[in-house]
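For reference, the chains in residue letters:
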Amino acid sequence: MHLQIVNFNYKNYNLVLNYVLLRKSSRMRLPPGPWPWPVVGNLLQLYQGGKNLHKTLASLAQQYGPIVYLRLGSVHTVVLSSPMMAKEFLKTHDQEFQYRPKPTLAAEILVGNNGVAMSTGGPLSRHLRRICLTELFATKHLQSFESMRTKEINNTINDIHMESEEGKVVDLKSRISSLIINIMTNMMFRKRYFGVDQSKQNEIHCFKEVITKVPHWIGSLIISDYIPSLRWLVRLQGIEASLHALRHKKSQFIQNLIAEHKNVAIEVDQVKESGNENVTKTTKDFVDILLSAPQEDGTGNLSKETIETLVLEMFVGGVETSSVTIEWAMAELIRNPMIMKRAQMELETVVGMNRIIEESDLHKLTYLQAVIKETFRLHPPIPLLVPRSSINKVCGIAEGYDIPPHTKVMVNVWAMGRDPSIWERPFEFYPERFLQQGQEHHHIATEIIDMDENNFKLFPFGSGRRACPGRPLGILVVQIVLARLLHSFHWVLPNHQEPNTLDMSEEFGMSLPRAQQLHLKAYPKLQAHLYR
Ligand code: HEM
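Think of each chain on its own: its residues are numbered from 1, step by step along the sequence as written. At least 70 in pLDDT is required for a residue's local features to be given in this predicted model, at least 80 for side-chain atom pairs to be given and counted, and no such filter applies to totals for whole chains, interfaces and linings, which use all residues. For side-chain calculations, the full set of non-hydrogen atoms in the structure is used, while hydrogens and water are omitted.

Named according to an unreviewed UniProt entry, the protein is Cytochrome P450 originating from Sphagnum jensenii.

Set out below in structure tokens:
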């Protein structure tokens, strides 16, 4: 994206003046950082760093330390790159930094401020978060969908089996994201799309595009978010029009689904009233819960706009993060055949080869869990977490720094995962680092790390009041899908490509997918009847 400075007006002079006064003010001790240019501040440094913002911020941290202050146009920004700093902001000062910054243009158009994830904060988002934690992601509620998840995974495994019999190459990312979309649409609306209704294929492919593009746009640096007077330039580049077109697609899809869902619910209720005992409503899906949930002040029900936003956040939060993690895990296992072999041997020993894996087996799969932790360390699906902010100025934080009000706080978990002062041999994919002594004979010190929100070495789900409410579902889906893929097939690169030549480049956005989708050949490991 080009950065063009064309409108250096009175407002911009004011901006520079404010900054100089801020820095000079004896009462404001900002964290260290590169000197900002007039108007654009440090934006040029970020644009010069290229597309990979997480890497540019990591190299700034190497230069200036684990807390870096940047002025991006008119936006105060702080980047944290150590467990100590993350703990200070997300635990010690969790209450002050429980807010999200003002939504960017992309977030405002695509998501809005009336959900959970992008909302600046306030009674509505706290109320929705409570519904997520106590109802949608409650253990019992998640367990009630187990047989559906098993059926969906069986279908995908069978499709891959058929492809393998025909000697085809599997497009893993595409297969996995279709599977996870089916799991999510089932949990949300009791409906599945991929592999069933040909007439709906266009619709769902269009929505799949929305789910992939939303995080990409939200992670992009759009100049008017930092220099508001350049909004006209963004309009001229057609960015606003593209965002509105995408918004239109997602609204149409979600609103149709909700309307369809309401009709089915009414039909079921009518049949029930007529006394037909055969019709019983099965487990409540997410939309059932949202349609009957009260507003935050206890009056009426949630608005249709709020439900639409929440549904989008669930899809964006749940689909891309989980499928990106599974794809990276498979790529790392392909590059490290001994580790793949060990993970498969664990499955053979714990589960055996005469049945398929069940969710109740997962807690026994210690090595698989270590593989997943190692994947989160090297490839955190949301490399800069979701930014936080505070409403008021916060004084004397970290090493005595002052943080201006409405500062955007980014946490570079990607940099932390590769920091040699935190991890031994940080660039090596080495799941054994997460095993207890005795579970593995190896020479480096081991440590048990539960990716929970109190562990600031590895916390891919964030921490504190805004930590990911979908964590139990995210972990469950990643574990069971990866386990089934490894248990059901031997995997190799097509065309006899050598494992160590696999391209591991990333494509930065709000999420961090592989730049090149992973294509693999699968060879069945189980007896034929277990694929039906
Ligand atoms: C591998 C899977 C996942 C990862 C790595 C992940 C990661 C994250 C992260 C880093 C945050 C920001 C936390 C913070 O600010 O401290 C977040 C927030 C959120 N996630 Fe997830 N997530 C995953 C799965 C899911 C799933 C399955 C859902 C829902 C179906 C979900 C829904 C949300 C929502 C609604 C928020 C916003 C919470 C708030 O702002 O209060 N996530 N997630």
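Looking at the nonpolar core
Selection criterion: To define a nonpolar core, start from buried Ala, Val, Leu, Ile, Met, Phe, Trp, Tyr and Cys residues and group those joined through side-chain atoms within 4.5 Å. For every residue, the accessible area (1.4 Å probe, protein chains only) is compared with the maximum for its type, and the residue is labelled buried under 20%, exposed over 50%, or partly exposed between those bounds. The helix and strand labels rest on DSSP assignments: H or I over at least four residues marks a helix, E over at least two residues marks a strand, and numbering proceeds from the N terminus. Only heavy atoms matter for contacts: two residues are in contact if any of them lie within 4.5 Å across the pair.
If you look at the biggest cluster of nonpolar residues, it comprises 161 residues, and the most contacted ones within it are Phe89 and Trp491. Sort the elements by how many residues they give to this core and helix 14 (residues 304–335) lands first, with 14 residues. Setting aside anything within four residues of it in sequence, one finds Trp491 in contact with Ile160, Val170, Leu172, Met330, Ile334, Met340, Leu485, Leu486, Leu520, Lys521 and Ala522.

Points about the environment of Ala398
Structurally, the position occupied by Ala398 is in the loop between strand 4 (394–397) and strand 5 (401–403). In the structure, Ala398 is positioned 98 residues away from His496 in sequence and 52 Å away in space, judged by C-alpha atoms. Not counting residues up to four positions away in its chain, the partners in contact with Ala398 are Ile67, Met85 and Glu88.

Brief notes about the pattern of salt bridges
Operational definition: Salt bridge, as used here: a side-chain nitrogen of Lys or Arg that lies within 4 Å of a carboxyl oxygen of Asp or Glu.
In total, this model carries 23 salt bridges according to the counting rule given. For Glu320, the salt bridge goes to Lys173, with nearest N and O atoms at 3.7 Å. In this pair, Glu320 is assigned in helix 14 and Lys173 in helix 9 (residues 172–189), connecting sequence segments 147 residues apart. Taken as a pair, Glu320 and Lys173 share a single burial class, namely buried. Between Arg231 and Glu240 there is a salt bridge, and its shortest N-O distance comes to 2.9 Å. The exposure class of Glu240 is buried, given its relative accessible area of 9%.

A look at the coordination of the iron atom of the ligand
Angles at a metal have ideal values that depend on geometry: 109.5 degrees with four tetrahedral donors, 90 or 180 degrees with six octahedral donors. This is how it is decided: Coordinating donors are taken to be N, O and S atoms lying within 2.8 Å of the metal, or within 3.2 Å when the metal is Na, K or Ca; because water is excluded from the atom set, some sites may appear incomplete.
Within the protein, just one atom coordinates the iron atom of the ligand: Cys468 (SG), at a distance of 2.3 Å. Structurally, Cys468 is set in the loop between helix 17 (413–417) and helix 18 (471–488).

Thoughts on the pairing of strand 2 (residues 75–80)
Looking along a regular strand, one sees the side chains alternate between the two faces of the sheet. Let me state the cut-off plainly: Two strands are said to pair when DSSP picks up at least two bridges between them.
The buried fraction of strand 2 is high, at six of six residues. Neither face of strand 2 is open: one carries Val75, Thr77 and Val79, the other His76, Val78 and Leu80, and all of them are buried. By the bridge criterion, six bridges tie strand 1 (residues 67–72) to strand 2 in an arrangement that is antiparallel. Of the residues in strand 2, the one forming a bridge with Val68 is Val79.

Re unusual backbone geometry
One non-glycine residue with positive phi stands out, namely Leu385, at about 50°. Residue placement: Leu385 occurs in the loop between helix 16 (366–378) and strand 4. Overall, Leu385 belongs to the buried group, its relative accessible area being 11%. One non-glycine residue, His406, lies in the positive phi region at around 60°. By secondary structure assignment, the location of His406 is in the loop between strand 5 and strand 6 (408–411). For His406, a relative accessible area of 54% translates into the label exposed.

Remarks on the site of the ligand
For clarity, the threshold we go by: Proximity is defined per residue: if any heavy atom of the residue lies within 4 Å of a molecule or strand, that residue is considered near it. Polar contact is defined as a pair of N or O atoms within 3.5 Å, subject to the rule that within protein one atom must be able to donate a hydrogen and the other to accept it, and that residues adjacent in sequence are counted only when both atoms are side-chain atoms. Nonpolar residues are Ala, Val, Leu, Ile, Met, Phe, Trp, Tyr, Cys and Pro. Charged residues are Asp, Glu, Lys and Arg, and all others, Gly as well, are polar.
Neighbouring the ligand are 27 residues, the closest being Arg100, Arg129, Arg388, Arg466 and Cys468. A distance of 2.7 Å separates an oxygen atom of the ligand from a polar atom in the side chain of Arg100. Separating an oxygen atom of the ligand from a side-chain N or O atom of Arg129 is a distance of 2.7 Å. Grouping the amino acids of the shell around the ligand by side-chain chemistry returns 15 nonpolar, eight polar and four charged.

Remarks on the packing of helix 6 (residues 123–136) against helix 14
Operational definition: Convention adopted: a line fitted to C-alpha atoms gives each axis, helices being fitted over their contacting stretch, and angles between N-to-C directions are expressed from 0 to 180 degrees. Should an angle fall under 35 degrees it is taken as roughly parallel, and over 145 as roughly antiparallel, whereas 65 to 115 is taken as roughly perpendicular and any remaining angle as oblique. Less than a right angle of anticlockwise turn of the near helix away from the far helix marks a crossing as left-handed, whereas a clockwise turn marks it as right-handed.
Contact geometry for helix 6 and helix 14: axes closest at 12 Å, N-to-C directions at 55°. Judged by the angle between their axes, helix 6 and helix 14 are oblique. Note on packing geometry: the crossing formed by helix 6 with helix 14 is right-handed. From helix 6, Leu124, Leu128, Cys132 and Leu136 reach across to helix 14, where they touch Thr306, Leu310 and Met314. Classifying every residue of the contact of helix 6 with helix 14 gives six nonpolar, one polar and no charged.

A word on the sheet that holds strand 7 (residues 489–492)
Taken in spatial order, the three strands of this open sheet run 3-8-7, and their pairing is antiparallel. Both edges of this open sheet fall to strand 3 (170–171) and strand 7, since each of them pairs with a single strand only. Inspection of the sheet shows strand 3 paired to strand 8 (residues 519–524) by two bridges, in the antiparallel sense. Directly across from Val170, in strand 8, lies its bridge partner Leu520.

Some thoughts on the packing of aromatic side chains
Spelled out, the test is: Two rings from Phe, Tyr or Trp (for Trp, the six-membered ring) form a pair when their centres are within 6.5 Å of each other. A pair whose planes differ by under 30 degrees is stacked, one over 60 is edge-to-face, and the rest are tilted. Two thresholds decide whether a charge sits over a ring: the Lys NZ or Arg CZ must be within 6 Å of the ring centre and within 35 degrees of the ring normal.
Under the counting rule described, the total for this entry stands at seven aromatic pairs. An angle of 85° between the planes, with centres 5.7 Å apart, marks the rings of Phe137 and Phe286 as edge-to-face. Linking Phe137 in the loop between helix 6 and helix 7 (139–143) with Phe286 in helix 13 (residues 286–292), this pair joins segments that are 149 residues apart in sequence. Its relative accessible area of 8% is what places Phe137 among the buried residues. Lying across the ring of Trp423, Arg377 places its NZ or CZ 5.5 Å from the centre. The ring of Tyr430 is capped by Arg425, whose NZ or CZ atom sits 4.8 Å from the centre of that ring.

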